[in-house]
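Descriptive analysis of the structure
Chain by chain, the residues run as shown.
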Amino acid sequence: MFFILTIQYALNPSLFEKFNLLEIFITSFPLVIYSIFHLYNSLSKAGKFMYINAGVLIYLATSTLIFILGDYLINVDREITADVWFLNRVFYVGYLVLILIEWKKSLLKTKD
């Protein structure tokens, strides 16, 4: 992935000024797929890191969609654009809260 993106940016430096759809897709989509696989595999047994996995799945799925629509959002109403980016921040804070919950859960288990 690194070499593909390096070549793409070397051949087309104007990609630094807009949202690169290929970069967004190949960096986020595999993580969403791995998260779905982890969720599926943990249905039959007690899964580890389920809060972190839920955070990754929810945040990355929504933020990937928002970033893919990034160039389109630049051309629409500023109020809608601000609302969408605020929504991205809300999902990010939710992701961090789920990491905190998992960390507290794991820390309390080790102290017992």
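From a predicted model like this one, the values you see are computed outputs, not experimental measurements.

About the cut-offs
- Each chain carries its own residue numbering, running from 1 in the written order of its sequence.
- The predicted nature of this model means local features are confined to residues of pLDDT at least 70 and side-chain atom pairs, given and counted, to a pLDDT of 80 or more, with totals for whole chains, interfaces and linings taken over all residues.
- To obtain the side-chain values, all non-hydrogen atoms of the structure were used and water was disregarded.
- Helix and strand labels come from DSSP, where a helix needs a run of H or I of at least four residues and a strand needs a run of E of at least two; each type is numbered from the N terminus.
- Relative accessibility thresholds used throughout: buried, under 20% of the residue-type maximum; exposed, over 50%; partly exposed, between the two (1.4 Å probe, protein chains only).
- Should any heavy atoms of two residues lie within 4.5 Å, those residues are counted as being in contact.
- Here, expected helix span is obtained from the residue count minus one, scaled by 1.5 Å.
- Only C-alpha atoms enter the line fits that serve as axes; for helices the fit covers just the stretch in contact. Angles between N-to-C directions range over 0 to 180 degrees.
- For this classification, under 35 degrees means roughly parallel, over 145 means roughly antiparallel, 65 to 115 means roughly perpendicular, and everything else is oblique.
- By definition, any crossing whose near helix is turned counterclockwise from its far helix by less than a right angle is left-handed, and any crossing with a clockwise turn is right-handed.
- Charged means Asp, Glu, Lys or Arg here, nonpolar means Ala, Val, Leu, Ile, Met, Phe, Trp, Tyr, Cys or Pro, and polar covers whatever is left, Gly included.

With that out of the way, let us pick up the environment of M1. Positionally, M1 belongs in the segment before α1 (2–11). Taking relative accessible area as the criterion, M1 reaches 55% and is therefore assigned exposed. As a C-alpha pair, M1 and F86 span 85 residues in sequence and 29 Å in three-dimensional space. Contact partners of M1, with chain neighbours within four places excluded, come to I26 and P30.

The end-to-end C-alpha distance of helix α3 (residues 50–68) is 27 Å, a good match for the 27 Å that 19 residues give at a rise of 1.5 Å each. The set of residues buried in α3 consists of N53, G55, V56, Y59, L60, S63, T64 and I66.

Bringing the packing of helix α2 (residues 21–41) against α3 into the picture now. Helix-helix packing: each pair is described by the crossing angle between the helix axes and the interaxial distance. Viewed as axis vectors pointing N to C, α2 and α3 meet at an angle of 150°, and their least axial separation amounts to 9 Å. The orientation of α2 relative to α3 falls into the category roughly antiparallel. In terms of crossing hand, the pair formed by α2 and α3 is left-handed. Mapping the contact onto sequence places L21, I24, S28, L31, V32, S35, I36, H38 and L39 in α2 and M50, N53, V56, L57, L60, A61, T64, F67 and I68 in α3. A class-by-class count of the residues in the contact of α2 with α3 yields 13 nonpolar, five polar and no charged.

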